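Geometric and topological summary
Residue-level listing of the chains:
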Amino acid sequence: MLSEPGHYDYAPYRRRPRITWPGGARLAFWVAPNIEHYELEPPPNPRRTPWPRPVPDVLNYAWRDYGNRAGFWRMADTMAKYEVRGSVSLNTAVCDHYPEIIERCCELDWELFSHGAYNTRYFYDMPEAMQREVIRDDRATILRASGQSLDGWLTPALSNDETTQHVLAEEGIKYTLDMLHDDQPMPVKVRRGSLISIPYSLEVNDVPLLQLRNTPPAQYAAICKAQFDQLYAEGAESGTVMCMPLHPYLIGQPHRIAALDEVLRHVTAHDDVWLATGREIAAWFTEHHLAEFQAWIDGGTP
Amino acid sequence: MTGLPDSYLHYPHRRRGLDHDRFAFRALPAAAPVAWPGGARVALWVAVHMGHFPMDAPAKPFVPPGGMERPYPSYWDYTQRDYGNRIGIYRLLRVLGERGLRATALMSAVLATRYPALARDIAAAGWEVAAAGIDMGHLHHGGLDEATERGWVHQAVATLRGAFGPGVRGWHSPGFSQSMKTLDLIAEAGLDYCTDWVNDDMPYAVSTGSGTLTAMPLPYDLSDQRMLHQQMLPTEAFTDAVLAAHATLDAEARASGGGRILTLAITPWLMGQPHRIRALAGLLDALQARDGLWAATGREILDAWRASAGRAEKGQT
C-alpha cells in the first residue's frame, strides 16, 4: 500500500504562477452533472457492497432511477435557462440504456467525459488491463454516441485504484477529477505521458450536502454561493476554478430545483466568470500555464 | 490484492431501457399529459404511513425507516410509534377533516384487527386504505421464499379487505422494500397500484405475471420519515420543501398542459405530534390557497390517470 497518492508535489497557495482565464475572467465555473446508472443486480465486489439493502434494493435503486426519468430533464432545463453547459460525468452504459438523455446533452452542447460504465462497477484492485478495457470501451461509446473525444475522467463511485491515474495518462485521458487537493488545475505525476487534475468538489457536491449532511435546499444554495463568492474574490489575484457537481436524483427533485436556479442566477450575474467545460479548462491550462507551473514545481515552488 | 474476475466487466443487461423488464424507461417530458377533474393542474395526494412496529421485529435483513433502532426491549421505539396510532392519527383526522380532505392510509394489516375502533374511525372519515403489508416486522426482500411472501401478501390484503371492503386497491411494501416477486404477488392478489418505486413524479404501467399494475408516486426523499426522523431536520424544512415542490410541479403543469401529482407523505407519530400539527395545518392551508389544486385519494388519482394519460400511453405501446 502507498502512504500517499504520489501524483503531486506540495505546492503552497502563494507565489504561484498567475493564471489568466479567457477574457480576463477571474473564475472558471463549470457544472458536472453525474449521469449514472446503478445496476439492480450488480456483480459482487470484494471491497464494497453496492447497495445498503439486500438485492433488489428497490428503494435506493428507484431513487437513482428518478434522476434519469425525471430529475435530469428538470436540471437540464434549469441549466439551459442560464446558458450554463454541463460537463457530464457519464456512466457510459447510459448511452445504451437511455439514448434520449444523451441526445438532450448533445443538443445543449454539453461535454461528455467518463465516469466508467456503471456506478456499480468499482476500480478497487482492478488489474490494469481491465482498467484499460473500460477506458477504451468508454472512449468508443462516447465517440459513437456523441462524436466527442474522451478527455476527462472521474472513477466510478470514486473507487480509484492506486494505478488508475497512470493508466489514464497512458490511455490518452487529458484531465482527471479523482483528487481534491487544489482549487486550481495542477500537473499530475504519472509514470508515462501527461495528465492534469482540474478541481472537482465534494464540498459543493449535492450528494454530501443534500444526502449525507441533510442540508435544506436554501442552505445548499447559500453554501454554493459562498463558495463562488470566495473563489471569485481570490480570482482577482490568479484565476481559480469552481466545479459544481450535480446528481439529478437529488438536485432534480421538485422541492430542490429552485436552489440550482438560485445559484446559477447568482453566478451568471457576475461579469468576470468564464462559463467553461472541463475540456475547455484543461485545454486552456495546458496550453497557457502548464509549462510555467511545471517549471515552478520543478524549481521547488520558490 | 485480490484482483477481480474477468466476468466483472460483463454487462448482461447493457441495452436500451432499464436493466430489468418490469417497466419501460419513460422520460418525464415524454409522459402522456394527464387531465385532472375540473382542469386542475396539481393533484394533492395525502398518503399517511400507518405502520405497526412490533417491538420484537427482526433487525435482519435491515431495519426499515422508523424501525426498532435501539436494543430490545425498546419501549422508546415501540411506544413512540404506537403513539401515532393512538393519538397522532386522531390529530391528522381532525386537521384533514376540518379542511374537507381525505387521505390514503398505507396501513399495516394488523392494525385492522388490533385496533378495530381505529379502523372504524378511518373508514368513517372516508379515507382510502391501501395495504402496507402485515406489519413493519414483515419485510419483503430478496431473501424471502415465494410461498412465504405469497402468504404474507394474501393475508395482508384479505385482512384489510375484510375490514374495509374491495376499495383496498393499493400496495405499499413496509420500508419500500420488495423481492423480485413482490410485484407479481400483489397483482395476483388483485391489487391495482403499487407505491414502492420512488423513481417518478407520475404514474406508469408495470407488467407482472398477473397483469398490469400502476406505479403511483410516493416520495421518500420528500417525506416526514426521511426529513424529520432520519435527517432530523426542523419541521419547517419539511413544510417549506413541500411548498417548493408544489411550486415546481404547478409551473410544469402550466407549461406542459398536463397535470402533476404532489404526494404529501406523512406519518402520525411524526406530523401528529402536538408541536408539529399546527405546521401541518398551516401547510394544508397554504396548499389549498393555491389555485388549480385537486385533492384526491390515491385510487381517485389512479382512475383519473388511467382514464386519460394511462390510456394514451397504452395506445403507444
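Numbers given to residues run from 1 along each chain, matching the order in which its sequence is written. Here chains are named by letter from A upward and ligands by number from 1 upward, in the order in which they appear as written. It should be noted that, the model being predicted, local features are given only for residues of pLDDT at least 70 and side-chain atom pairs only at 80 or more, the latter also being counted only at that level, while totals for whole chains, interfaces and linings use all residues. Calculation of side-chain values draws on the structure's entire complement of heavy atoms; hydrogens and water are dropped beforehand.

**Regarding the overall build of chain A**
The cut-off we apply is this: Only DSSP runs of H or I reaching four residues or more are called helices, and only runs of E reaching two or more are called strands; each is numbered from the N terminus. Every radius of gyration here is taken over C-alpha atoms, with the globule rule written as 2.2 Å times N^0.38, N being the number of residues. Only protein chains enter the accessibility calculation, which uses a 1.4 Å probe; a residue is then buried when its area is under 20% of its type maximum, exposed when over 50%, and partly exposed in between. Any two residues whose heavy atoms approach within 4.5 Å at even a single point are treated as in contact. Residues counted as positive are Lys and Arg, residues counted as negative are Asp and Glu, and His and the chain ends are not counted. Note on charges: their place is set at NZ of Lys, CZ of Arg, CG of Asp or CD of Glu.
For chain A, the count of helices and strands is 11 helices and nine strands. Its C-alpha atoms give chain A a radius of gyration of 19 Å, near enough to 19 Å, the size a compact globule of 302 residues would have. Over its C-alpha atoms, taken along the principal directions, chain A stretches across nearly 55 × 45 × 35 Å. Among the 302 residues that make up chain A, the fraction classed as buried is 64%. If you take every contact in chain A between residues at least 6 apart in sequence, the share linking residues at least 24 apart comes to 76%. Positive and negative side-chain charges of chain A, numbering 28 and 41 respectively, have mean locations separated by a distance of 2 Å.

**Let's talk about the overall build of chain B**
Under the convention used in this document: Surface accessibility in these figures is a Shrake-Rupley result with a 1.4 Å probe; residues are shielded only by whichever protein chains are displayed.
Helix and strand content of chain B: 10 helices and nine strands. Over its C-alpha atoms, taken along the principal directions, chain B stretches across nearly 60 × 50 × 45 Å. The burial tally for chain B puts 60% of its 317 residues in the buried class. Look at the contacts in chain B between residues 6 or more apart in sequence, and 73% of them connect residues 24 or more apart. Surface summary for chain B: the accessible area is close to 12200 Å², and the carbon and sulfur share equals 54%.

**Quick notes on the UniProt feature "domain: NodB homology" (unreviewed entry) in chain A**
Put simply, the test is: UniProt positions are given in the numbering used here, feature names are shortened, and annotations may be inferred rather than shown by experiment.
UniProt marks residues 65-175 of chain A with the feature "domain: NodB homology" (unreviewed entry), using the numbering shown here. Annotated as residues 65-175 of chain A, this span is 50% helix and 10% strand, and its ends, taken at the C-alpha atoms, are 28 Å apart.

**Overview of the UniProt feature "domain: NodB homology" (unreviewed entry) in chain B**
Sequence positions flagged by UniProt for "domain: NodB homology" (unreviewed entry) are, in local numbering, residues 90-193 of chain B. Annotation note: span residues 90-193 of chain B, helix share 48%, strand share 11%, distance between end C-alpha atoms 27 Å.

**A short note on the packing of aromatic side chains**
For clarity, the cut-off: In this analysis, rings of Phe, Tyr and Trp, with Trp reduced to its six-membered ring, are considered paired at centre separations within 6.5 Å, and the interplanar angle assigns stacked below 30 degrees, edge-to-face beyond 60, and tilted for intermediate values. Geometrically, a charge over a ring is one whose NZ (Lys) or CZ (Arg) sits within 6 Å of the ring centre while staying within 35 degrees of the ring normal.
Per the stated rule, a full pass over the model turns up 26 aromatic pairs over all chains. A network of ring pairs unites the aromatic residues Y38, W51 and Y61 of chain A together with F23, W197 and Y204 of chain B as a single cluster. One residue, R121 of chain A, lies across the ring of Y8 of chain B, its end atom 6.0 Å from the ring centre. Lying over the aromatic face of F53 of chain B, R81 of chain B brings its terminal NZ or CZ to 5.9 Å of the ring centre.

**Structural notes on the state of the cysteines**
By definition, a disulfide links two cysteine residues through a covalent bond between their sulfur atoms. Put simply, the test is: In this description, a disulfide is simply a cysteine sulfur pair whose atoms lie within 2.5 Å.
For the coordinates displayed, the defined rule picks out zero disulfides over all chains. Among the cysteines around C95 of chain A, which has no disulfide bond, C106 of chain A carries the closest sulfur, lying 8.3 Å off.

**So, the interface of chain B and chain A**
Test applied: In this description, buried area is defined as the sum, over both parts, of the accessible area (probe of 1.4 Å) that is lost when the two are combined. Whenever a carboxyl oxygen of Asp or Glu lies within 4 Å of a side-chain nitrogen of Lys or Arg, that contact is scored as a salt bridge. Polar contacts, as used here, are pairs of N or O atoms within 3.5 Å; protein pairs need one atom able to donate a hydrogen and one able to accept it. Residues neighboring in sequence count only if both atoms are side-chain atoms. All amino acids are sorted into three groups, where Ala, Val, Leu, Ile, Met, Phe, Trp, Tyr, Cys and Pro are nonpolar, Asp, Glu, Lys and Arg are charged, and the leftover types, Gly among them, are polar.
Taken together, the contacts link 57 residues of chain B with 58 residues of chain A. Summed over both partners, the interface of chain B with chain A buries about 4800 Å², with 59% contributed by carbon and sulfur atoms. At the boundary of chain B with chain A, the tally comes to seven salt bridges. Between E100 of chain A and R16 of chain B there is a salt bridge, with the nearest N and O atoms lying 2.9 Å from each other. One can count 29 residue pairs in polar contact (both at pLDDT 80 or more) joining chain B with chain A. For the side of chain B that touches chain A, the class distribution of residues is 30 nonpolar, 15 polar and 12 charged.

**With respect to a nonpolar patch on the surface**
Here is the rule: Each patch is built from residues that are more than 30% exposed by relative accessible area and take part in no salt bridge. Like charges join if they lie within 9 Å; nonpolar side chains (Val, Leu, Ile, Met, Phe, Trp, Tyr) join within 5 Å.
On the surface, L158, L180 and L202 of chain A cluster together to form a nonpolar patch covering roughly 230 Å² of accessible area. Looking at the element boundaries, L180 of chain A is found in the loop between β5 (175-176) and β6 (186-188).

**Overview of the side chain of D200 of chain B**
With respect to the secondary-structure elements, D200 of chain B resides in the loop between β5 (193-194) and β6 (204-208). A residue is classified by how much of its surface remains accessible, and D200 of chain B, at 6% relative accessible area, is buried. Among the polar contacts made by the side chain of D200 of chain B, one reaches the side chain of R69 of chain A at a distance of 2.9 Å. Sequence-distant contacts of D200 of chain B, defined by excluding residues within four places in its chain, comprise Y66 and R69 of chain A together with R26, L28 and P217 of chain B.

**Describing helix α3 (residues 116-124) of chain B**
All names here are of chain B. Using the following cut-off: What the arc describes is the spread of directions from the helix axis to the C-beta atoms.
Among the residues of α3, L118, A119 and I122 are the ones counted as buried. The arc that holds the buried residues of α3, viewed along the axis, is 100°, so those residues lie on one side. Residues of α3 that are exposed and angled more than 90 degrees away from the buried face: R120 and A124. Of the surrounding secondary structure, the elements contacted by the buried residues of α3 are β1 (42-50), α1 (75-98), β2 (104-107), α2 (109-114), β3 (128-131) and α4 (146-164). Note on α3: the residue one or two positions beyond its end, G126, has a positive phi of about 80°.

**With respect to the pattern of salt bridges**
By the definition in use, this model includes 47 salt bridges over all chains. Between D151 of chain A and R279 of chain A there is a salt bridge; the shortest N-O distance is 2.7 Å. Of this pair, D151 of chain A sits in the loop between α4 (128-146) and β4 (152-153) while R279 of chain A sits in helix α10 (residues 278-288), and the two are 128 residues apart along the sequence. One salt bridge connects K181 of chain B with D184 of chain B, and the closest N-O pair in it is separated by 3.5 Å. The class for D184 of chain B is buried, based on a relative accessible area of 11%. By sharing partners, the salt bridges in this structure join E128, R132, R136, E170, E171, R191 and R192 of chain A into a single network.

**Overview of unusual backbone geometry**
With omega at 0°, the peptide bond leading from V55 of chain A into P56 of chain A counts as cis. Among the structural elements, P56 of chain A can be located in the loop between β1 (27-35) and α1 (58-81). The omega torsion of the bond from K60 of chain B to P61 of chain B falls at 0°, within 30 degrees of zero and hence cis. Secondary-structure assignment places P61 of chain B in the loop between β1 and α1. For A157 of chain A, which is not a glycine, the phi torsion comes out positive at approximately 55°. Take A157 of chain A: it is sitting in the loop between β4 and α5 (164-170). Judged by relative accessible area, which is 16%, A157 of chain A ranks as buried.

**Some remarks on the environment of E128 of chain A**
All names here are of chain A. Inspection of the secondary structure assignment puts E128 in helix α4. Placed 97 residues apart in sequence, E128 and V31 show a C-alpha to C-alpha distance of 30 Å. Every residue in contact with E128, bar those within four places of it in the chain, is listed here: T163, V167 and R191.

**Details of the pairing of β6 of chain B**
Here is the key point about a regular strand: its side chains alternate between the two faces of the sheet. All names here are of chain B. Note the following rule: Strands are treated as partners if at least two bridges between them are detected by DSSP.
Where β6 and strand β7 (residues 211-215) come together, five bridges link them in antiparallel fashion. Counted as the bridge partner of A205 is T214 from β7. In textbook terms, the turn of a hairpin is the stretch between consecutive antiparallel strands, and for β6 and β7 this stretch comprises two residues.

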